[in-house]
Amino acid sequence: MYRRAYVLLVGTALVMGVLAFVVSRHYDRPLLDPEGSFLGPSWLRLPLLLFGAALLDLLPRTLWFSKLRPKAMLPIVRERIRTHWSRERITLVALGIVSFYVTYVSYRNLKSCLPIARPGVEYDRELMYLDRVLFFGADPPVVLHAILGQDFSAHFLSTIYVWFLPLVPLALTAWLVWSRNISFGYWFATSQCIAWSLGTLSYYALPTKGPGFEYFSRYQGLDETPTTALMNALAADRVDVIHGGVTGVVQSVAGFASLHTAITLLIALMVQFTLRSRILKIVFWANFAITIVATLYFGWHYLADDIAGIMIAFVSFYLGGIATGQKFERRSLVSHPTTTTSAIPVEKV
């Protein structure tokens, strides 16, 4: 039923995994697990993620409907497993989490090898001049700092920008576990893996550090925020990897294209096309718009990076939709699934 989705989802993860392995071997760099230092080894973490996804669905629901009565809990759990945790749901959650995990870890390792694989190749100067052309001779951060200020806005935009870090796994879990149509879960997971893969390709096609790292003096007037601390940490890790010969950390500085922009737009598109809540649609479209402002305000990206990120999101979203049997209406922000389970070809949405 989901053969194309299986092929694209698992195939993307496999390609990214092979590329990460080949590049790391070629440049004599160890394959690193970016989150392994505090989340444990992969062989333990993946089963825990799968168990955690099920627990996140079952535990709050059981406690709420049982009203904390022990005798009522087991029947509620059994009923939820029978009606929701079908073989297809379990397959979706397992494939989605494992494929995304492999893709993301490979992405981090390939990104870390970028300055070693393409030493001295950077296009920051060219994209800086392109920014000035697009802003009619002005620098985007200078304009934004003048309009928004450098204190309260810095803290607000930092909060939205850093919120991206927990948003990615939370959004993936939400669509895998609670999507009312199984195909929506495959759509989101497949699109995510494609987006991270295309983002990796864009790093190697047009290497940049980003204006905040290349022209850092323009951002020194901003208030200290968690974003400032994050940028300083990434800059230090980059120096350690490139000049210090450190092999136990990942280098995470790369500008083109903006995956913050790509992923927040992808999430907004998924909310628009698969959820019914008007409030959630407004929230996630606003999150996408504010994220773009934050990328320019703090110097994470050039305007061209954000434009490229938008294109990555649209391509990933469309390919994931086609692979999972979505039918898009022309000139409309809606689509129709053509399948939900192997037993029931389609449902009312």
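Cut-offs and rules
Residues numbered from 1 in each chain as written. Predicted model: local features only at pLDDT ≥ 70, side-chain atom pairs only at ≥ 80, totals over all residues. Heavy atoms only, no water. Phe/Tyr/Trp six-rings, centres within 6.5 Å; stacked < 30°, edge-to-face > 60°. Helix = DSSP H or I, 4+ residues; strand = E, 2+ residues; numbered from the N terminus. Buried < 20%, exposed > 50% of the residue type's maximum accessible area, 1.4 Å probe, protein only. Contact = heavy atoms within 4.5 Å. 1 Å grid on protein atoms, 1.4 Å probe; cavity = no way out; pocket = protein on both sides within 12 Å on 5 of 7 lines; lining within 4 Å. Points joined across faces, edges and corners; volume = space filled by probe spheres on them. Nonpolar A, V, L, I, M, F, W, Y, C, P; charged D, E, K, R; others polar.

Participant: So what's going on with the packing of aromatic side chains? Which residues, and what values?
Facilitator: Taken as a whole and judged by the stated rule, the model has 17 aromatic pairs. Residues Tyr-104 and Tyr-107 carry aromatic rings whose centres are separated by 5.8 Å and whose planes lie at 35° to one another, so their mutual orientation is tilted. Taken together, the positions of Tyr-104 and Tyr-107, both in helix α5 (residues 87-117) and 3 residues apart, correspond to about one turn of that helix. Taking the relative accessible area as the measure of exposure, Tyr-104 reaches 22% and is therefore partly exposed. One aromatic cluster is present, formed by Phe-100, Tyr-104, Tyr-107, Phe-164, Trp-196 and Tyr-203 through successive ring pairs.

Participant: Which residues make up the side chain of Thr-103, and what are the values?
Facilitator: Take Thr-103: it is sitting in helix α5. With a relative accessible area of 0%, Thr-103 lands in the buried category. Excluding residues that lie within four positions of it along the chain, Thr-103 makes contacts with Thr-12, Ala-13, Met-16, Cys-193, Trp-196 and Ser-197.

Participant: Report on empty space enclosed by the protein, specifying residues and quantitative values.
Facilitator: If you roll a probe as big as a water molecule over the atoms, it shows you where there is empty space left. One pass over the full model with this rule turns up 2 cavities of 30 Å³ or more. One number sums up the size of the largest cavity: a volume of about 60 Å³. Lining the largest cavity are Met-128, Asp-131, Asp-139, Pro-140, Pro-141, Pro-211, Arg-218, Tyr-219, Leu-296, His-301 and Tyr-302. For the lining of the largest cavity, the elements supplying multiple residues, two or more each, are α6 (124-134) and α7 (140-148). Grouping the constituent residues of the lining of the largest cavity by class yields 7 nonpolar, 1 polar and 3 charged. Space inside the second largest cavity adds up to approximately 40 Å³. Considering the residues around the second largest cavity, the lining is formed by Arg-29, Pro-30, Leu-32, Asn-109, Ser-112, Cys-113, Thr-247 and Val-249. Along the lines of polarity and charge, the residues of the lining of the second largest cavity split into 4 nonpolar, 3 polar and 1 charged.

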